[in-house]
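# Observations on the model geometry
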Amino acid sequence: MSADPSLSARAAAAHGTPSASASVGGWALTRAIVRRGFIVLPRIPSAIIPALAMPLFITIAFTGTFGDLANLPVYPTDNFANWIGPWAILQGSAFAAVGASIGVARDLENGFYDRMLVAPAPRPGLAFSPAVYAGMRGLIPLVLVLTVVYLAGGSLQSPLGLVMATIAAVGVAASAALWGLGIFYRFKTQRAAALVQIGIFSSMFLTTGQAPIDFMEGWLPYAARVNPMTYVLGMARQGFLDTGVTWADTWPGLLALAGMLVLLSWFCWRGFKKLSP
């Protein structure tokens, strides 16, 4: 990312100006980092286009190729777009977050992040604000995939289903960003992106993304049952299915999401402390 004047000014304030002793507020810092991210986003299309193209491709390709699977009684919907769409939303949100965390790696490489580290700003704000930005970016794939699902004949059963899908998309984006930030804070290079992507691909594909657990064979159902992302996906998907939104399918997703955020926040913070002066 290119340097934002407001952030640069705050960094410069740490070098002896009269206001250097006054710490930048946490929310002000978060707003500045989020604003900077959205300003820079159109200048670096490669940071968002793959995160948008992949979920759209998955929704269209899987619905067109495997659409007849929805006729099997094991699928609780008569339209395969309703089954695959939520999975594509979460994948898109996760990889949109990867683009956000790669921006931090870019700042670490070009030295701009060093200027923010010496600014009179709260350390947690520097460490976690990119995850807030990533969560907001996660809404973009949500809107695009929902549009494709509707065009393919799918639909949400209720407004509450949209709430569940939104919570899941934002939460997964924030979790993926925390995972990416934890990696980049440690390695300080964009070349570590492959490691970030492997972790996200593994967590996404070892779920019920393509088929229900009862339809899986071998070790796959066991992996899906212990994968917290399976329960987040179940929470996001329920509004698209004939069963509707229920508390029994909601609380496991909320619990899994909360656990992921806590664990990955700890992972991110430990990585940040390695580079904070």
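Sequence order sets the numbering: in each chain, residues are counted from 1 along the sequence as written. With the structure being a predicted model, the display of local features is reserved for residues of pLDDT at least 70 and the display and counting of side-chain atom pairs for 80 or more, all residues being used for whole-chain, interface and lining totals. The side-chain values count all of the structure's non-hydrogen atoms but skip hydrogen atoms and water molecules.

With 80 residues, the main nonpolar core has Tyr113, Tyr185 and Val232 as its most contacted residues. Labels follow the DSSP assignment, with helices taken as runs of H or I lasting at least four residues and strands as runs of E lasting at least two, numbered in each case from the N terminus. The element best represented in this core is helix α4 (residues 80-110), accounting for 18 residues. Once residues within four sequence positions are removed from consideration, Tyr113 is found in contact with Val104, Asp107, Leu108, Leu126, Ala127, Tyr185, Phe272 and Leu275. Grouping buried Ala, Val, Leu, Ile, Met, Phe, Trp, Tyr and Cys residues that are joined through side-chain atoms within 4.5 Å yields what is termed a nonpolar core. Partly exposed describes any residue whose relative accessible area lies between the buried limit of under 20% and the exposed limit of over 50%, with all areas from a 1.4 Å probe on protein chains only and scaled to the type maximum. Contacts: residue pairs with any heavy atoms within 4.5 Å of one another.

Here the focus is helix α12 (residues 247-273). Given a helix with a known number of residues, its expected span is that number minus one, times 1.5 Å. Taking 1.5 Å of rise per residue, the 27 residues of α12 would be expected to cover 39 Å, and the 39 Å separating its terminal C-alpha atoms lies within 8% of that figure. Of the positions making up α12, those classed as buried are Thr250, Pro252, Gly253, Ala256, Leu257, Met260, Leu264, Phe267, Cys268, Gly271 and Phe272. For α12, the elements touching its buried residues are α5 (112-117), α6 (123-137), α8 (159-187) and α11 (228-237).

Glancing now at a nonpolar patch on the surface. To count toward a patch, a residue needs a relative accessible area over 30% and no salt bridge; like charges are then connected within 9 Å, while nonpolar side chains (Val, Leu, Ile, Met, Phe, Trp, Tyr) are connected within 5 Å. Using a 1.4 Å probe, the Shrake-Rupley method yields the accessible areas, and only the shown protein chains count as cover for residues. One side-chain nitrogen of Lys or Arg within 4 Å of one carboxyl oxygen of Asp or Glu is enough to make a salt bridge. Together, Leu160, Val163, Ile167, Trp247, Trp251, Leu254 and Leu255 make up an exposed nonpolar region whose accessible area comes to about 690 Å². Listing elements by their share of the nonpolar patch, those giving two or more residues are α8 and α12. Per-element accounting of the nonpolar patch gives the leading share, four residues, to α12. Within the secondary structure, Trp251 is located in helix α12. Take Trp251: its relative accessible area is 43%, and that puts it in the partly exposed class.

Take the confidence of the model for the protein next. On average, residues of the protein score 88 in pLDDT, and 91% of them are at 70 or above. Residue-level confidence of the predictor is what pLDDT reports, using numbers from 0 through 100. Every residue in residues 8-22 scores below 50 in pLDDT, and together they form 22 contacts with partners more than four places removed in sequence or on other chains.

Turning our attention to the pattern of salt bridges. Per the counting criterion, the structure on display carries one salt bridge. The residue Asp107 makes a salt bridge to Arg36 at a minimum N-O spacing of 3.0 Å. Of the two residues, Asp107 is situated in helix α4 and Arg36 in helix α2 (residues 26-40); the sequence distance between them amounts to 71 residues. With respect to class, Asp107 is no different from Arg36; both count as buried.

Attention now moves to the packing of aromatic side chains. Aromatic contacts are taken between Phe, Tyr and Trp rings whose centres are within 6.5 Å, Trp giving its six-membered ring; a plane angle under 30 degrees counts as stacked, one over 60 as edge-to-face, and the others as tilted. Summed over the entire model, instances satisfying the criterion amount to 14 aromatic pairs. Geometrically, the ring pair formed by Phe62 and Phe66 is tilted, given 5.6 Å between the ring centres and 55° between the ring planes. Of this pair, Phe62 and Phe66 both sit in helix α3 (residues 49-66), four residues apart, which is roughly one turn of that helix. Classification of Phe62 as buried rests on a relative accessible area of 18%. A relative accessible area of 38% means that Phe66 is categorised as partly exposed. Ring geometry for Phe201 versus Phe205: centroids 5.7 Å apart, planes at 35°, classification tilted. Residue Phe201 and its partner Phe205 are both found in helix α9 (residues 193-205); the two are separated by four residues, about one turn of the helix. Residue class for Phe205 comes out partly exposed when judged on its relative accessible area of 37%.

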